[in-house]
Amino acid sequence: MAGLWDGEFFLITEDPYVVDLTVLDLWVEGHSAQEAADERWKDFEITVLNRGGLHDDGEAGSHFRHLLRQDCAQQYEAFQFLESALADPLHFIEFCPVQLSVAARHQFVARYYGLDSIIVREVLKHPNALQMRLQGGADRKATAQLEHIAKNTGENVLKIARILANLQRACRWVEHAVVQRLGSSTAGGSTRSVRSGGGEASAS
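Residues numbered from 1 in each chain as written. Predicted model: local features only at pLDDT ≥ 70, side-chain atom pairs only at ≥ 80, totals over all residues. Heavy atoms only, no water.

## Focus on the overall build of the protein chain
Each helix and strand counted, the protein chain has 8 helices and 2 strands in total. What you see in the protein chain, going N to C, is helices and strands ordered as α-α-α-α-α-α-α-α-β-β. A total of 204 residues make up the protein chain; the buried ones form 33% of that total. Pairs at least 24 residues apart make up 66% of the contacts formed inside the protein chain by residues separated by at least 6 positions. Carbon and sulfur atoms provide 53% of the accessible area of the protein chain, an area that totals close to 12800 Å². (Helix = DSSP H or I, 4+ residues; strand = E, 2+ residues; numbered from the N terminus. Buried < 20%, exposed > 50% of the residue type's maximum accessible area, 1.4 Å probe, protein only. Contact = heavy atoms within 4.5 Å. Areas by Shrake-Rupley, 256 points an atom, 1.4 Å probe, with all protein chains shown as cover.)

Given below as structure tokens:
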């Protein structure tokens, strides 16, 4: 996540594509597909197994756990495929690469760009954090800083990398907006005429 890997995917999804928000949250938090499957299994145990349904050590339970792992792996592939499109959230909402409902697109963006106050405070303690190279694979120094932040916050490195990459992206958006505003302000400066004696001079 957040540029720590590069991959190409041949993605096949149902139409329209339905997002499991529970799995999406686990992916955003930096959990692996296996960890996501384990978390879903725990939830399933609480709601179903205790009612005398499937048993963990039974054939049906084993098969269901396999299906959960497979489903999480497929959803993770879809999320990783969509991650590059999320670099431009407005474009993602208007022109999503897969058939997602508008409401689901907004949920996707809100979760992906969500912040964590503990992580943000720790990031701000590192003066060069917003200049760290993350895209295309973090360098050794950036990896060490990410691991240091993870140790101080107790959070997943992938989650920290996502938040940091999004903060860097937001800073670039602000810089671009300021440059555009300054440029349009200069180009749109009015010219006024000043009459002096018999001549006429223009001043901007």
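There's more to say after this.
## Looking at a nonpolar patch on the surface
Residues Val174, Val178 and Leu182 make up a contiguous nonpolar surface patch of about 270 Å² in total accessible area. Summarising the element assignment, Leu182 is placed in helix H8 (residues 157–187). (Patch = residues over 30% accessible without salt bridge, like charges linked within 9 Å, V, L, I, M, F, W, Y side chains within 5 Å. Salt bridge = Lys/Arg side-chain N within 4 Å of Asp/Glu carboxyl O.)

## Comments concerning helix H5 (residues 102–112)
Of the residues making up H5, those classed as buried are Ala104, Arg105, Phe108, Val109 and Tyr112. What you see down the axis of H5 is that its buried residues fit within an arc of 135°, all on one side. Looking at H5, the residues exposed on the side facing more than 90 degrees away from the buried face are Ala103 and Ala110. (Arc of directions from axis to C-beta.)

## Side note on the nonpolar core
Taken as a class, soluble globular proteins show a tendency for nonpolar side chains to be buried jointly. Core analysis: the largest hydrophobic core is formed by 27 residues, its most contacted members being Phe79, Phe92, Leu100 and Phe108. Looking at this core, the elements with two or more residues in it are helix H1 (21–28), helix H2 (33–47), helix H3 (59–83), helix H4 (89–94) and H5. Beyond its immediate stretch of four places on either side in the chain, Phe108 contacts Val19, Leu24, Trp27, Phe79, Leu82, Leu86, Phe92 and Leu100. Of all hydrophobic cores here, the second largest spans 16 residues; its members include Val123, Ala129, Leu164 and Leu167. (Core = buried A, V, L, I, M, F, W, Y, C linked by side-chain atoms within 4.5 Å.)

## Considering the environment of Ala161
Residue placement: Ala161 occurs in helix H8. Here Ala161 falls in the buried class, since its relative accessible area comes to 0%. When the C-alpha atoms of Ala161 and Ala150 are compared, they prove to be 9.6 Å apart, with 11 residues separating the residues in sequence.

## What about the packing of H1 against H5?
The contact between H1 and H5 brings their axes to 10 Å, and the two run at 25°. Taken together, the axes of H1 and H5 lie roughly parallel to each other. Both H1 and H5 take part in a crossing whose hand is right-handed. Two secondary-structure elements touch here, H1 through Leu21, Leu24, Asp25, Trp27 and Val28 and H5 through Gln107, Phe108, Arg111 and Tyr112. For the contact of H1 with H5, the residue count by class is 6 nonpolar, 1 polar and 2 charged. (Axes fitted to C-alpha atoms, helices over the stretch in contact; angles between N-to-C directions. Parallel < 35°, antiparallel > 145°, perpendicular 65-115°, else oblique. Left-handed = near helix turned anticlockwise from the far one by under 90°. Nonpolar A, V, L, I, M, F, W, Y, C, P; charged D, E, K, R; others polar.)

## What to know about the packing of aromatic side chains
Scanning the model with the defined rule gives 8 aromatic pairs in all. Ring centres of Tyr113 and Trp173 lie 5.9 Å apart, and the angle between their planes is 40°; on these two criteria the pair is classed as tilted. With Tyr113 in the loop between H5 and helix H6 (117–124) and Trp173 in helix H8, this residue pair connects regions lying 60 residues apart in the sequence. Look at Trp173 and you get partly exposed, because its relative accessible area is 38%. An aromatic cluster of at least three residues, connected via ring pairs, comprises Trp27, Tyr76, Phe79, Phe92, Phe108, Tyr112, Tyr113 and Trp173. (Phe/Tyr/Trp six-rings, centres within 6.5 Å; stacked < 30°, edge-to-face > 60°.)

## Some words on the side chain of Gln75
Along the polypeptide, Gln75 turns up in helix H3. Judged by relative accessible area, which is 8%, Gln75 ranks as buried. Polar side-chain contacts of Gln75 include one of 3.5 Å to the backbone nitrogen of Asp20. Sequence-distant contacts of Gln75, that is, excluding residues within four places in its chain, are made with Tyr17, Asp20, Val23 and Arg40. (Polar contact = N/O pair within 3.5 Å; in protein donor to acceptor, adjacent residues only side chain to side chain.)

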